[in-house]
Structures are given as structure tokens and as C-alpha cells.
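# Survey of secondary and tertiary structure
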Amino acid sequence: MEIQIEGGWKEVLTPVFNTQEFRTLVDFVKQEYKTKQCFPLGKHIFEAFNQCHFKDLKVVLLGQDPYHDVGQAHGLCFSVPEGIPPPPSLKNIFLELEKDLGIHYPKSGNLLHWASQGVLLLNATLTVEAHKAGSHQGKGWEIFTDKVIQIISAQKKDIVFLLWGNYAKQKKKLIDISKHKILESGHPSPLSANRGYWFGNKHFSQCNAYLEKIEKDPIKW
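Described below are features of the structure shown in this document. (Residues numbered from 1 in each chain as written. Predicted model: local features only at pLDDT ≥ 70, side-chain atom pairs only at ≥ 80, totals over all residues. Heavy atoms only, no water.)

## What about the pattern of salt bridges?
Summed over all chains, the structure comprises 7 salt bridges. Lys-132 serves as the salt-bridge partner of Glu-129, at 3.5 Å between the closest nitrogen and oxygen. Residue Lys-171 pairs with Asp-146 through a salt bridge whose shortest N-O separation is 2.7 Å. Taken together, the residues Lys-171 in the loop between helix 7 (166-169) and strand 6 (181-185) and Asp-146 in helix 6 (residues 141-155) connect sequence positions 25 residues apart. Within this structure, Glu-32, Lys-36, Glu-129 and Lys-132 form a network of salt bridges that share partners. (Salt bridge = Lys/Arg side-chain N within 4 Å of Asp/Glu carboxyl O. Helix = DSSP H or I, 4+ residues; strand = E, 2+ residues; numbered from the N terminus.)

## Quick look at the nonpolar core
Among the nonpolar cores identified, the biggest contains 69 residues, and Trp-9, Leu-13, Phe-46, Phe-49, Trp-114, Leu-120 and Phe-144 are the most heavily contacted of them. Element by element, the count of residues in this core is highest for helix 6, at 6 residues. Beyond its immediate sequence surroundings of up to four residues, Phe-144 is in contact with Leu-13, Val-16, Phe-17, Phe-22, Phe-46, Phe-49 and Leu-126. (Core = buried A, V, L, I, M, F, W, Y, C linked by side-chain atoms within 4.5 Å. Buried < 20%, exposed > 50% of the residue type's maximum accessible area, 1.4 Å probe, protein only. Contact = heavy atoms within 4.5 Å.)

## Considering the state of the cysteines
A full pass over the atoms with the stated rule returns 0 disulfides. Looking at Cys-38, it has no disulfide partner, and the nearest cysteine sulfur is the one in Cys-77, 20 Å off. For Cys-38, a relative accessible area of 7% corresponds to the buried category. Looking at the unpaired Cys-77, the closest cysteine sulfur is the one in Cys-52, lying at 11 Å. (Disulfide = S-S within 2.5 Å.)

## Observations concerning unusual backbone geometry
A cis amide bond, omega -5°, links Phe-39 with the succeeding residue Pro-40. With respect to the helices and strands, Pro-40 occurs in the loop between strand 1 (38-39) and helix 3 (47-51). One non-glycine residue, Asp-158, lies in the positive phi region at around 60°. On the secondary structure map, Asp-158 appears in the loop between helix 6 and strand 5 (160-164). Relative accessible area serves as the criterion here: at 19%, Asp-158 is assigned to the buried category. Even without glycine at this site, Lys-202 takes up a positive phi of about 55°. On the secondary structure map, Lys-202 appears in the loop between helix 8 (190-193) and helix 9 (203-213).

## Topic: the packing of helix 1 (residues 7-17) against helix 6
Packing of helix 1 against helix 6 brings their axes to within 11 Å, and their N-to-C directions diverge by 130°. Here helix 6 runs oblique to helix 1, going by the angle between their axes. The handedness of the crossing between helix 1 and helix 6 comes out as right-handed. Note on element contacts: helix 6 touches helix 1 through Phe-144, Lys-147, Val-148, Ile-151, Ile-152 and Gln-155, opposite Trp-9, Val-12, Leu-13, Val-16 and Phe-17. Among the residues making up the contact of helix 1 with helix 6, the classes are represented as 9 nonpolar, 1 polar and 1 charged. (Axes fitted to C-alpha atoms, helices over the stretch in contact; angles between N-to-C directions. Parallel < 35°, antiparallel > 145°, perpendicular 65-115°, else oblique. Left-handed = near helix turned anticlockwise from the far one by under 90°. Nonpolar A, V, L, I, M, F, W, Y, C, P; charged D, E, K, R; others polar.)

## Examining helix 4 (residues 88-101)
With 14 residues, helix 4 extends 20 Å between its outermost C-alpha atoms, agreeing within 8% with the 20 Å of an ideal straight helix rising 1.5 Å per residue. The complete set of buried residues in helix 4 reads Ser-89, Leu-90, Asn-92, Ile-93, Phe-94, Glu-96, Leu-97 and Asp-100. Buried residues along helix 4 sit in contact with helix 5 (112-115), strand 5, helix 8 and helix 9. (Expected span 1.5 Å × (residues − 1).)

## Notes on the environment of Gly-83
Assignment of secondary structure puts Gly-83 in the loop between strand 2 (59-63) and helix 4. A relative accessible area of 76% places Gly-83 in the exposed class. Separated by 26 residues in sequence, Gly-83 and Gly-109 have C-alpha atoms that sit 8.0 Å apart.

This is the structure we're talking about:
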């Protein structure tokens with residue numbers, strides 16, 4: 001199977017694509033998309049990579065699973081296409097952004113402008129069956145995305161990793177903390193945020209302060 005992915009990512013990930021584990025995953029995904037309704041659309045499965053080129057990478061934001069309702073998932077974690085109302089976690093992200101940087105609550109939940117500035121919006125699992133949260137977990141995607149994180153850690157320097165929630169925090173062990181910046185907090189979901197684990201983390205300003213410190217352009221959140 002020829003993976004349609006940005007050239008820089010293709011170069012570093014080709015050894016992963018050539019593994020038996022990944023071929024087994026591809027067979028599973030093909031069969032699911034052939035027989036069931038799945039998200040995102042096939043052409044958007046690797047959208048996070050295609051919209052954030054490897055050479056431009058500055059920030060990695062880790063999500064867990066694509067949205068599983070119609071019209072929401074488009075290959076970027078936490079993001080929704082134009083015209084789709086922001087889900088609860090994204091609403092809380094925008095509220096923290098407003099508090100942290102004074103940015104007015106965005107009209108659109110599409111985070112494509114983050115990706116185009118070097119923010120990899122990476123879900124641990126890149127596909128899901130419609131209306132069945134977590135349905136494609138444990139099928140091989142996590143093996144692939146863990147390797148992505150390890151490759152970034154090994155081949156890049158001074159990347160900011162945003163680890164929101166316990167699931168994302170588990171990925172810390174894959175990252176060389178001596179050469180990268182890690183920012184951890186609770187998840188922006190209402191359950192976590194309403195318990196005081198999300199609001200006030202100031203990750204957006206902290207991320208930009210670090211990027212400016214290493215003489216990179218800050219993200220226009």
C-alpha cells in the first residue's frame with residue numbers, strides 16, 4: 001500500500017511502513033473502511049502529517065482518538081472542520097487560550113492554522129468506527145504513533161510536547177527530556193477541567209516563551 005504522506009515524513013517513516021506490524025494494521029483499516037462507516041475519510045487519515053511538514057515541526061500535541069460522530073473528524077486531534085460546533089474538550093481549550101493569551105474565543109474549531117505553523121496534531125489512534133469511541137484502539141495504531149514520537153525525539157531537538165491527560169502523559173517515556181520541552185496538565189475534557197486539572201495551565205504562553213527562547217517564531221494560536 002502506498003501511503004500518501006508528506007515527503008519529509010515519508011523519508012523518516014518508510015522503515016515503519018515496511019514492517020509486518022504496519023502491514024497488518026493497513027489490512028485491518030482497509031477491511032473496516034470497506035465494511036463499516038469509519039472516520040476520518042480515508043484521504044484524511046494522515047492529515048496531521050500532511051499539514052505539518054517534518055522539517056517545520058515545532059510542537060507535538062497528543063490526542064487519543066478521532067471524533068466518532070458524523071462530520072467531526074478530519075485527521076487533526078481536537079480539531080473539527082469549518083462549520084462544525086467545537087466539542088466540549090475543544091471549547092475548554094479555547095477558554096484556556098482566551099484566559100492565557102487574551103485571544104478572543106475563535107469562531108471556528110478548525111485547527112489547521114496551528115498545523116501549518118508546525119504543530120503536529122497527533123492522535124494515538126488515527127481511525128475509528130462511527131459512533132464507537134475507541135473501536136480501533138489496540139489494533140496497531142498505537143505501535144505506529146509511538147514510533148512516530150520516538151523518531152521525533154531522536155531526530156529532532158527542542159520540540160515542545162503538550163501532554164494533556166493521563167493517557168498522553170504515558171508517552172513521556174518515549175521522549176528524551178534532555179533535548180525537548182514537555183508541558184503536562186490535566187485533559188481539557190469537562191470531567192478533568194471541572195475538577196481543576198486543566199484551566200490555568202498556561203501551556204500556550206509557556207510554549208511560545210520556550211520557542212522564543214530558542215529563537216523560533218512563536219505559534220499564532
